[in-house]
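Each chain, written out:
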Amino acid sequence: MLRPTKQFGTSSTRRSFLRSGLAAPAVIGASMAASSISTAAFAEDDGPTVGDISILRFLAAVEILETDLWEQYNEFGGIRDQEEPSGSGNKPYIDLLAQIDGDMSQYIHDNTEDEFTHFNFINEYLKSKGAKPVNLERFRTLHGSIAQGSSGKKRLTNLMNLTVDASWWGRYRSRNANPDLGDTNFANPVPGLLKGQFPAIPRTNDDTTDPKHLLAIVNTAAFHFGTIEQFGSSLYPSLAQRVSNVEVLRILLSIGPTETMHFQVWHDKVGNITKVTDPFNGLTFPDMATFQGNEDLQANLIMPEPTHFLSRSLPVCSIIRPTATRGAAAAAVRAFTDDGLFIGQPVEFFTELHELAAHADAAQRRQ
Ligand SMILES: [Fe+2]
Ligand SMILES: [Fe+2]
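Rules of the game
- Residues numbered from 1 in each chain as written.
- Chains lettered and ligands numbered in written order.
- Predicted model: local features only at pLDDT ≥ 70, side-chain atom pairs only at ≥ 80, totals over all residues.
- Heavy atoms only, no water.
- Donors = N, O, S within 2.8 Å, 3.2 Å for Na, K, Ca; no water.
- Helix = DSSP H or I, 4+ residues; strand = E, 2+ residues; numbered from the N terminus.
- Buried < 20%, exposed > 50% of the residue type's maximum accessible area, 1.4 Å probe, protein only.
- Salt bridge = Lys/Arg side-chain N within 4 Å of Asp/Glu carboxyl O.
- Polar contact = N/O pair within 3.5 Å; in protein donor to acceptor, adjacent residues only side chain to side chain.
- Contact = heavy atoms within 4.5 Å.

### A word on the coordination of the iron ion (ligand 1)
Around a metal, the ideal angle is 109.5 degrees if four donors adopt a tetrahedral arrangement and 90 or 180 degrees if six donors adopt an octahedral arrangement.
So, step 1. Coordination of the iron ion (ligand 1) by the protein is provided by Glu 63 (OE), Glu 63 (OE), Glu 66 (OE), Glu 115 (OE), His 118 (ND1) and Glu 259 (OE), with metal-donor distances spanning 1.9 to 2.7 Å.
So, step 2. Sequence positions of the residues that donate to the iron ion (ligand 1) give the spacing E-x2-E-x48-E-x2-H-x140-E.
So, step 3. The two metals, the iron ion (ligand 1) and the iron ion (ligand 2), are separated by 3.4 Å and share Glu 66 as a common coordinating residue. You can see Glu 66 sitting in helix α3 (residues 50–77) and its partner Glu 259 sitting in helix α8 (residues 246–270), a full 193 residues away along the chain.

### Some remarks on the coordination of the iron ion (ligand 2)
So, step 1. Those donors, Glu 66 (OE), Glu 115 (OE), Glu 229 (OE), Glu 229 (OE) and Glu 259 (OE), are the protein atoms that reach the iron ion (ligand 2), and they lie 2.0 to 2.6 Å from it.
So, step 2. Donor residues binding the iron ion (ligand 2) come from one chain and are separated in sequence as E-x48-E-x113-E-x29-E.
So, step 3. Residue Glu 115 is classed as buried on the basis of its relative accessible area, which comes to 0%.

### A closer look at the pattern of salt bridges
So, step 1. Enumeration over the complete set of coordinates arrives at 14 salt bridges.
So, step 2. Between Arg 155 and Glu 75 there is a salt bridge; the shortest N-O distance is 2.7 Å. Residue Arg 155 is found in the loop between α5 (104–128) and α6 (168–171), and its partner Glu 75 is found in helix α3; the two are separated by 80 residues along the sequence.
So, step 3. Of the charged contacts, one joins Arg 140 and Glu 137 as a salt bridge, the two residues approaching to 3.0 Å between their closest N and O atoms.
So, step 4. On the basis of relative accessibility, which here comes to 28%, the residue Glu 137 falls in the partly exposed class.

### Focus on the side chain of Asp 68
So, step 1. Mapped onto the secondary structure, Asp 68 falls in helix α3.
So, step 2. A distance of 3.2 Å separates a polar atom in the side chain of Asp 68 from a polar atom in the side chain of Gln 72.
So, step 3. Not counting the four nearest positions on each side in its chain, Asp 68 is found in contact with Arg 140, Arg 155, Leu 156 and Thr 157.

Written out as structure tokens, the structure reads:
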């Protein structure tokens, strides 16, 4: 159902305040070494630990990257307003999104705004505790799309050559398998998405001239929405297990489920895609109705099937998966990298991201 765009009486004021946090000179170009916080400042029992701060800093980085990719989707397919003013929309792309669901543009807009609030809140919280916020602006160097709708600004993430892993589809439908118990090979409704690099937004106006090609681009985006948000759904509970301070735990427990709310919406919507084969690259999307009756693939089985959790000797349980905490941050970086999101970024970008992840994965829960 369409709902009216949220109105804030102080929207522009609020936004400029929020954006100003991005440009704080103190955080630009901070090296990882310089950004480490002093142990003494966070050693009190009632405050965040060094590990808590490391986890929050990694999450801030992830949320910055999510914001950047969602902003691109909003420029082409979402709604431009006071909350998300960037870009001007791409009508052919929006029209095909609307065939999936008439509210797709609204959902894209709201997901975009949510990501912005996630990283902005975490960064401001870090500052309020005397820790350095995360700033990746020096890596905003990627040339994005030049198609109608793009703001033309430089990007942190790439959406024009993606290798989308849609195996979360089968992972959430499997009653017998859980990646945390070592299981692999989940049913993938569009295996072709893993066999190349495909655009999820129009790269130039040429991408909008052939209807089948553009439909494949829109379908790629529709699966990518779910792929991104299921990463977040796993990441927060995975990292929460090593948080010590209750307030920091509350932050993770309050943001994480919103990622799952996003995921659930995209999981539902992508079941409505139209089958197509891209005439230029052969990427094929199936008729989702043909999966009816196949428990591993049926489109409307969007609620997690119960599966093995912790031990195969315990009863099956409906859960988010994976949620193993060991190496969770590094795994998230790997998954985003494999997705193609960082194609074009320099070595320094990966060094920074890997270091943030390593600090987060070194965090230990205070006993
Ligand atoms: Fe987020
Ligand atoms: Fe998200």
